[in-house]
Amino acid sequence: MKFTSLVIFFILHIVFIVKQLNGARILAVKVVPSYSHQLPFRPLWKELHKRGHEIVLIAPDTMPDINLTNFRQISINSGYKQFREMNFVNYRLNNVSWISLVKENMDEYGKMFIEHALSNPEVKDLYAPESKEKFDVVLVELHYMPAIHMLAHRFNAPLIGLCSFGIPTIDEYLLGGFVMPSHLGTWEMEGNVGTNLTFWKRLENFWIVWHWIYVTYRDYMPRQQRIAEEYFGKPLPSVLDFLRNISLVFVNQDPIMSYARPSLPNVIMFHSTHISKNVEPLPQDLKRFVDNATNGFIYMSFGTNVKFTYLPENIQQIFHDVFAKLPYKIVMKLENASQTYENVYIAKWLPQQSILAHPNLKLYIFQGGLQSTQEAIHYAVPLLGFPMLSDQNYQLRMIESHGVGRGMDILNLSREKLESTIREIINDKRYKENMIKLRIRVNDTPYDLLQNLVWWTEYVIRNRGAPQFNNSLAWQPWYQYCDMDIIVFLSIVTFIVALIVLIISVKLLIYIYKRWSKVSPTNLKKKKS
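Summarised in this report is the structure supplied together with it.

Reading the values: the criteria
- Residues numbered from 1 in each chain as written.
- Predicted model: local features only at pLDDT ≥ 70, side-chain atom pairs only at ≥ 80, totals over all residues.
- Heavy atoms only, no water.
- Helix = DSSP H or I, 4+ residues; strand = E, 2+ residues; numbered from the N terminus.
- Buried < 20%, exposed > 50% of the residue type's maximum accessible area, 1.4 Å probe, protein only.
- Core = buried A, V, L, I, M, F, W, Y, C linked by side-chain atoms within 4.5 Å.
- Contact = heavy atoms within 4.5 Å.
- 1 Å grid on protein atoms, 1.4 Å probe; cavity = no way out; pocket = protein on both sides within 12 Å on 5 of 7 lines; lining within 4 Å.
- Points joined across faces, edges and corners; volume = space filled by probe spheres on them.
- Phe/Tyr/Trp six-rings, centres within 6.5 Å; stacked < 30°, edge-to-face > 60°.
- Lys NZ or Arg CZ within 6 Å of the ring centre and 35° of its normal.
- Pairing = 2+ DSSP bridges.

### Examining unusual backbone geometry
Residue Pro235 follows Lys234 across a cis peptide bond; omega there is -5 degrees. Here Pro235 is to be found in the loop between α10 (199-232) and α11 (239-244). A positive phi is found at Asn95, a non-glycine position, where the angle reads about 60 degrees. Looking at the element boundaries, Asn95 is found in the loop between α5 (88-93) and α6 (98-118). Looking at Asn95, the relative accessible area reads 62%, which means it is exposed.

Given below as structure tokens:
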């Protein structure tokens, strides 16, 4: 009888879990109008839908060829106009650091991107007070905009954060992670990090990062709170406290292609999920061009956020002059596709993965983007990068450390440097060999990375969150989790003890000196006389 009861209980428990999972409603939100921010997570949306979940996706770009039941897409592409007005090349040419760029523009663009999302009529219908919409989990981009995360509060659903590259230091600090201004893994510091920095350089880095964090939490976060209250009403919990309770963070970062550092317990890392298993065929004219490249060809693209035509004309001319001298054909993604050059194929858009998969490709010249790096590793193509923004310096340092490519500074480019570097990478077989070895290591994983993301998403749905993975340090003041108060206390105690010892020593020496003076031979003679 007891055995039968246990069997019935077990079956009912399984049925309850299955019922809870099947038909779960998932809200996915990507706010930043950048294609590269959306790309790594598209396979996750498809796979979750394939497993029977209903998806509502809010994103700047709708996914093509998606006409499925229970898969709704809401486009918020109105933010692209302002975002494309940002000339990242000019910032680079003027030596504007990434942190300075973020501090200068975060308030304006953070507010603007959130408003483009939450003011959208379809989105407003979802979270309106009278709306009866319900979601079992909300997945939102983690990128300097905590107000948008209050969608999870509105639907009383657990929250999962999404990072298309490394966690921003601002959010790392909020979630209880360690802030390490001079560590190689702090990607916002670009080229100003390292293991052998001078004390003064580390002091400068310390000031830059902690002042940025201080100003952000003093000025920017209260404004995010007001934006959240404007759209979701009052009373509203603190956006910062709500984010501290985040269940998980999915981070598009490969441990092999990143510098080891303490990791948050609720971070799930993945990579390369966007890479196609079956690449699409090349357009016929492009296929003929690269198939006939008897010496091989070079592919150059600076991605979606950096336009080659933004470069000064003299720098553009350097590339064109060098390409004209090389014995290789060139395939270029160029906005002004009306230009024609001998031995160069130019197009406004190119099927990148199909090009990288071509056996005649010798070298990929790019801006150091993460998704492009992952694709190049997958197809074992050596790299030459010119970092322009964000984490691109970080990516190129990793590329150089693995011996699979080189990074160059666009500010100090010359024809001689460019030509010699291209020839070195193509002619030195070690770059290609190292890339093949790196591909093997990167692909050597204990499980399917996409299925792992699906499992953790369903774990959060099953358990209505994952608070047990939250770092308790997130709730402690900075001086406590760094033990700064203890260090200051011990420093003061040490100083006081040292001062007391010094005073006693000085007084003792004075006393000894006086005593010695009284019994010295000179004084004795004086007394006798």
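### Thoughts on the nonpolar core
In this structure, Phe302, Phe319, Val331, Ile365, Phe386 and Ile422 are the most contacted members of the largest nonpolar core, which totals 141 residues. Every residue in contact with Phe319, bar those within four places of it in the chain, is listed here: Met300, Phe302, Phe308, Leu311, Phe386, Ile410, Leu413 and Leu418. Counting residues in each nonpolar core, the second largest holds 30 residues, with Ala24, Leu44, Leu162 and Leu453 among its members.

### Quick notes on empty space enclosed by the protein
All told, the structure shown has 4 cavities of 30 Å³ or more when counted by the stated rule. What the largest cavity holds in volume is close to 90 Å³. Lining the largest cavity are 13 residues; nearest its centre among them are His271, Ser272, Gln374, Ile377 and Val442. Of all the secondary-structure elements, those providing two or more residues to the lining of the largest cavity are α15 (370-378) and α18 (429-443). Here the lining of the largest cavity gets 5 residues from one element, more than from any other, and that element is α15. Size it by volume and the second largest cavity reaches roughly 50 Å³. As for the second largest cavity, its lining consists of Phe88, Tyr91, Arg92, Val96, Ser97, Trp98, Leu101, Glu190, Met388, Leu389 and Ser390. Residue assignment for the lining of the second largest cavity shows that the elements contributing at least two residues are α5 and α6. Among the elements that take part in the lining of the second largest cavity, α5 stands out by supplying 3 residues, more than any other.

### Thoughts on the packing of aromatic side chains
Applying the stated criterion to the full structure yields 27 aromatic pairs. Here the aromatic rings of Trp98 and Trp187 are separated by 6.4 Å at their centres, their planes lie at 45 degrees, and the arrangement is tilted. With Trp98 in helix α6 and Trp187 in the loop between α9 (169-174) and α10, this residue pair connects regions lying 89 residues apart in the sequence. Assigned by exposure class, Trp98 and Trp187 land together as buried. The rings of Phe302, Phe308, Phe319, Phe323 and Phe386 are connected pair by pair, giving a single aromatic cluster. Lying over the aromatic face of Phe135, Arg25 brings its terminal NZ or CZ to 4.6 Å of the ring centre.

### Re the pairing of strand β11 (residues 361-366)
In terms of burial, β11 is a largely internal element, 5 of the 6 residues being buried. Bridge count between strand β8 (residues 297-300) and β11: 4 bridges; the pairing is parallel. Counterpart to Phe297 in the pairing with β11 is Leu361. Where β11 meets strand β12 (residues 383-385), 3 bridges bridge the pair, whose relative direction is parallel.

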